[in-house]
Amino acid sequence: MRTLACTGLLLSLLYSIVSGEELSGEAIIQKVNDNLNVETAWSKSTMTIVTSSGKKRTFLSESWSKDRGEKNLVRYLEPRRVKDQAILMLNNADDIWAFFPRTQRVRKLATHAKKQKMQGSDFSYEDMGSGDAFINDYIARRLDDEEKEGFDCYKLELTRAPDSDVSYSRMILWVIKENYVPVVIDYYEEDDPSRLLKRLVSSDIRVIGNIPTAMKFVMHNMNDNTQTEMELLEVKYNIPLDDELFSERSLKK
Amino acid sequence: MKRAIGLMLALLSCPHSAGAQDEVELFGYFEPSVMGVRIQGSTRQLYTNKLRVDLKSALSDNITFAANFDYITYHGTTEWNILDFLSSDLTSNVPQYLRTVYTLPFADRSFLDNAYLKLAFDRFDLTVGKQQISLGTGYVWNPLDLFNIKDPLDPTYEQPGHNAVRLDGSLGSRYGYSVLFSADDSWKNSAKMLRFKGRISRFDYSLVAAETVWRFHDYTRFDPSWLDFVELPEQRRLVGASTAGELFGLGTWVEYGYNKMETSKDYYELVAGADYTFDFLTYFMVEYYRNTLGKTGRDLYDLNDWMRQYTAEQKAISRDQLYMYISHPLTDFIDLGTSCILSLSDNSLALVPMLNYSFAQNMDILAYLNFNIGAEGSAYAETTGSGGLLRARVYF
């Protein structure tokens, strides 16, 4: 009798998870966050900036993250102009250090620098290394489900928490029900929650180490009519990474 | 020089196994530039071509060798007499036969700028050889840097390498230390430095103690036996501290160094700066610099003060200075900015509008103009001329 009750409870829980009917905005964004912030990760990626006139710049970089995205290190490999430049972000990008190999100088950047474009791209430092920001800096609210980019999606509105200093007033996310990958994210201006600033579209979703991973991203900047494409060439999850990797000494290597 | 070229060629021609760690990376840049100055009704131009060739090789997981060789040619006005830029009050006492010794020559040169071996251990790195040394948190001025003096018009330009043995270690995730020795002709004259680094809340800090020989010159006395101005070497002992972090949303940094001199008067230097990026991506920075070696008014500047500034023996001629910089990304590839260097001691200023353009994937262009606005004899006197620089850099 007890076994039957447990099985019933489990089935009902499973149904609610599969159907998503009972999932709150907070529960969905928690799953999204868990997918995005794995214990440790390494990746090699390209980032291509495309201007409104069609000019392109492509960067190749290697990045490491630890403690579910709390620590991040990005090192540029190409082009030669920026080779070996590195950025260390700790405490969910609240602490940022940049290393410039031509001068061998490490510069501590304040949190306002998170607004700056990474290498002139449409991604800001905040977009790249904000770790648990979805959970800690925003309040999630579930909207009516929608189909987006051909996927059946949960639609969420994330509104900036009152005590947070993040750069976006709110975000709208379309999260694929099947794998909790946010297929589209709309970012709204810091001072004007009605004004769409940027849109991130993810594609080429693969399962790597049991973790659904979007391999391609395009960030559209509505203000400048530019876009930046990012493609993950290689990804590894849950690999051993020493804390020493996320230090000033390591930045200079 | 020939030995340096030979060494580079030998390194490049060494047979290497197919292992990735044995590969020598070869890269660098070519940098043509033109600098123009309008002074006393005439225009002078200096054209420079710089070729920098870098090589880097990871000999194993823990051993890295890196070097770079620079070849620079100069064209146009290749001899600049500093007396031409100074007021007649200061230069009238210089005997005619000595006027030529105040000339700064720009002669073609080639040299091994850096060549070092870096050994990485679990808890420390050991770097041996000619290497860049960057100390302090200041953007334009660094009281803790015994080795370099930046050009306020171009403060982020790379600095030359210095021969040194350096050990950088970590003490946990928040603390670290550096020990540096840069050899001179004797132990006493060699530079020695100890630095402890740490982090409290959102602030990085460092404590520094250093000693070196400092070679001031008396630019009013010429030593014919050395064919140079009379050298006044003395021990310089430096203790100081720096910090960088965030206060009220602003990036902030402070750097302080007290210099105990063996014979001349002790002095201190202080830098305090702040920066901010607005939501519309405009970036603003301000940095204050005090140097008690500098004078408090333009009437007090003498020939030695000017020469020591031009030859980088001291960072500024006036006691109190303010640097302000504002920039904005016009497009993804073009940044437009202006810096302003203000001498608070003599109320003169240099205004430097500038443009940075990422022209191609591996090509940058920098252009700036330099307008000096100040009374004759001041740090940024109109009579010292106004000018500009156009510089391209192609990376390979």
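Procedures and definitions
Residues numbered from 1 in each chain as written. Chains lettered and ligands numbered in written order. Predicted model: local features only at pLDDT ≥ 70, side-chain atom pairs only at ≥ 80, totals over all residues. Helix = DSSP H or I, 4+ residues; strand = E, 2+ residues; numbered from the N terminus. Rg over C-alpha atoms; globule rule 2.2 N^0.38 Å. Buried ≥ 20, exposed ≤ 12 C-beta atoms within 10 Å, placed from the backbone. Contact = placed C-beta atoms within 7 Å. Core = buried A, V, L, I, M, F, W, Y, C linked by C-beta atoms within 7 Å. Pairing = 2+ DSSP bridges.

(A) Quick look at the overall build of chain A. Of the regular secondary structure elements, chain A holds five helices and 13 strands. Its C-alpha atoms give chain A a radius of gyration of 19 Å, near enough to 18 Å, the size a compact globule of 253 residues would have. The dimensions of chain A, computed from C-alpha atoms along their principal axes, are 70 × 40 × 35 Å. When each of the 253 residues of chain A is scored for burial, the buried share is 38%. Taking as baseline every contact in chain A between residues at least 6 positions apart, the subset at least 24 positions apart corresponds to 46%.

(B) The nonpolar core, seen in detail. Ranked by size, the top nonpolar core spans 35 residues in total, and within it I29, V32, L156, L158, M171, L173 and V175 of chain A carry the most contacts. For L156 of chain A, the residues in contact, after removing those within four places along its chain, are G25, I28, I29, A140, R141, R142, L143, L173 and V175 of chain A. Ranked by size, the runner-up nonpolar core spans 30 residues in total, among them Y139, A244, V352 and Y380 of chain B.

(C) The pairing of strand β13 (residues 250-261) of chain B, seen in detail. Residues and elements named next belong to chain B. Taken together, the 12 bridges between strand β12 (residues 228-247) and β13 define a ladder with antiparallel strand orientation. In the strand pairing of β13, G245 is matched with T252. As consecutive antiparallel partners, β12 and β13 are separated by two residues, and within that stretch F248 has a phi angle of approximately 55°, a positive value. Summarising the sheet, β13 and strand β14 (residues 267-277) pair through nine bridges and their orientation is antiparallel. Residue pairing for β14: G251 is matched across the bridge by D275. Taking the residues between adjacent antiparallel strands as the criterion, β13 and β14 are bridged by five residues.

(D) Geometry of the environment of L369 of chain B. Residues and elements named next belong to chain B. Relative to the helices and strands, L369 is located in strand β19 (residues 363-373). Given 16 C-beta atoms within a 10 Å radius, L369 is considered partly exposed. It is 5.4 Å that separates the C-alpha atoms of L369 and V352, two residues lying 17 residues apart in sequence. With residues near it in sequence (within four places) discarded, L369 still touches V352, P353 and G388.

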